[in-house]
Amino acid sequence: MRRITKLAYRVVRSNLAELTYPYRLTFAVTSRCQARCIMCNIWQKPVENELSLEEIDRIFSRYTRFSWINLTGGEPFMRDDFTDIVRVIARRSPDLYLLNFPTNGYLTDLIVTAVREILDRMAIPRLMVTVSLDGPPELHDRIRNLPGSWDRALATFQQLRELRSRRFAVFLGYTVQSANLQAFDDMMAAARSRLGDLSADDVHVNLAHVSGHYYANSGFTGIPDPEEAGRLLDRVSAARKQRLFDPVAFLERNYQRMARSYRRSGFVPLTCQAAAASCFIDPEGTVFPCSGFAAPIGSLRENDCDLYRVWHGPARCTVRNAVRDGACPGCWTPCEAYQTILANLLPGRSRHQ
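Computed from a predicted model, the values in this text were never measured in an experiment. (Residues numbered from 1 in each chain as written. Predicted model: local features only at pLDDT ≥ 70, side-chain atom pairs only at ≥ 80, totals over all residues. Heavy atoms only, no water.)

(A) Quick peek at a nonpolar patch on the surface. Taken together, the side chains of Val 12, Leu 16 and Leu 346 define a hydrophobic patch exposed on the protein surface, amounting to about 290 Å² of accessible area. The topology assignment puts Val 12 in helix α1 (residues 2–16). (Patch = residues over 30% accessible without salt bridge, like charges linked within 9 Å, V, L, I, M, F, W, Y side chains within 5 Å. Areas by Shrake-Rupley, 256 points an atom, 1.4 Å probe, with all protein chains shown as cover. Salt bridge = Lys/Arg side-chain N within 4 Å of Asp/Glu carboxyl O. Helix = DSSP H or I, 4+ residues; strand = E, 2+ residues; numbered from the N terminus.)

(B) Summary view of empty space enclosed by the protein. One pass over the full model with this rule turns up two cavities of 30 Å³ or more. In this structure, the largest cavity occupies an estimated 80 Å³ of space. Its residues assigned to classes, the lining of the largest cavity comprises nine nonpolar, two polar and one charged. Within this model, the second largest cavity holds a volume of roughly 30 Å³. His 209, Val 210, Ser 211, Tyr 215, Ser 291, Gly 292, Cys 331 and Thr 333 together form the lining of the second largest cavity. Taken together, the residues that form the lining of the second largest cavity break down as three nonpolar, five polar and no charged. (1 Å grid on protein atoms, 1.4 Å probe; cavity = no way out; pocket = protein on both sides within 12 Å on 5 of 7 lines; lining within 4 Å. Points joined across faces, edges and corners; volume = space filled by probe spheres on them. Nonpolar A, V, L, I, M, F, W, Y, C, P; charged D, E, K, R; others polar.)

(C) Quick look at the pairing of strand β3 (residues 98–103). Where burial is concerned, most of β3 is hidden: five out of the six residues are buried. Bridging between strand β2 (residues 68–72) and β3 involves three bridges; their strand directions are parallel. Residue Trp 68 lies in a different strand from β3, and its bridge partner there is Leu 98. As a crossover connection, the stretch from β2 through helix α3 (residues 82–92) into β3 is right-handed. Note that β3 and strand β4 (residues 126–132) share six bridges and pair parallel. Within β4, the residue paired with Phe 101 across the bridge is Val 129. Tracing the backbone out of β3, into helix α4 (residues 108–121) and back to the parallel element β4 gives a crossover that is right-handed. (Buried < 20%, exposed > 50% of the residue type's maximum accessible area, 1.4 Å probe, protein only. Pairing = 2+ DSSP bridges. Right-handed = clockwise from strand over helix to strand, strands pointing away.)

Here is the structure:
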C-alpha cells in the first residue's frame, strides 16, 4: 500500500508542478538481440561496454526514488544476468511499485522460469510483461527476420498467461508499421487458433518510431499512413472492454486516442514529462531524457554511478527546456506517453501546437 500511495502522490504532484526528480525509468539493459527487425537496428550496436551488474547495483543503491521501471533492450533476456539485474533493482528500490519489460519471446523456457522466480522471490507488487507479435506467422517472422519466432513468442505468451494474477499481467505487443498495418485481424485470428480465447484487451498496440540514438533506425521508411493507422487504433479501442477503474485500460485507451492526433499533426498532444518525471538510461550508462531525443544529460560512469549528480548537472535543465518547448523530435511511444498522460489529468493542460 505504501508503494502505490507513493506512486499516486508523484502522479498527482506532476499535475500540479514539474517534478524535481524522476519517478519513472526506462533502462535499456542490453543492445543484444536475436532478431533483425526491419524497424529496428539496435542489434547492430556494439555491446562490449554495457554496464556490469556491479555498476547497476551502485546506480540503484544511490538513486532509490523510482516507482515505475521499464527494462528493455535489445532483447533483455540476452543478458545472462537479467534475473540478477531485477533482483538488484528490487532490493535497492524501496518505492518500486511496477516493473515491466518487453520481450520477443524467443527464449521461452528461460523467460518463463525467470518470471516465476521474480514472482516467487522478489517483493515487486506489480509485474507486467509484453510479448511482441507483429502479425500472423509468416509476416511476423519476416518482420523480425527470425524464423520460428512467431511460434516461440506465442508459446511464451501462452505459458506466461497461466501465471496471471493480481500481481502479474502479460500482453501481446503489436507495433503498427506499414508492413503490418492491414494485418491486425489476421494476427488475432492466427493467435486465437492456437490460444482459444483472446481479446483486444490482451494486446498493447503501439506505433513504430524513428530514433537515431535508441533504435538506430534513421533510415526506416515504414511509418504507417496516419489516417489508416488512426482507423486501426480506433477499431482496437472500440473492441476493448470499458473498465472504468482499471489504470492499465485507462492508459491504453488514452494512448491510442491521442496516437491518432499525433500521427495526423506530427506533434505530441501533451507536454511531455521527459527529463522531469522520467528519463532513459542506455546500456552504457548514458542518461537521456527519453528514448527518442538524442540529447545526453550525462554519463553515470563519469559521475560515480550517481543519478543525483547527473540530474543536477548543467545539461538537464537545458534539455528539459527543449522538451517543454517542443524542440525535441517528438514521439508517442508508451515509454514516454504513459507518464505524460498521467501528468495531464487536469483539464486545460494539453499542449496546443
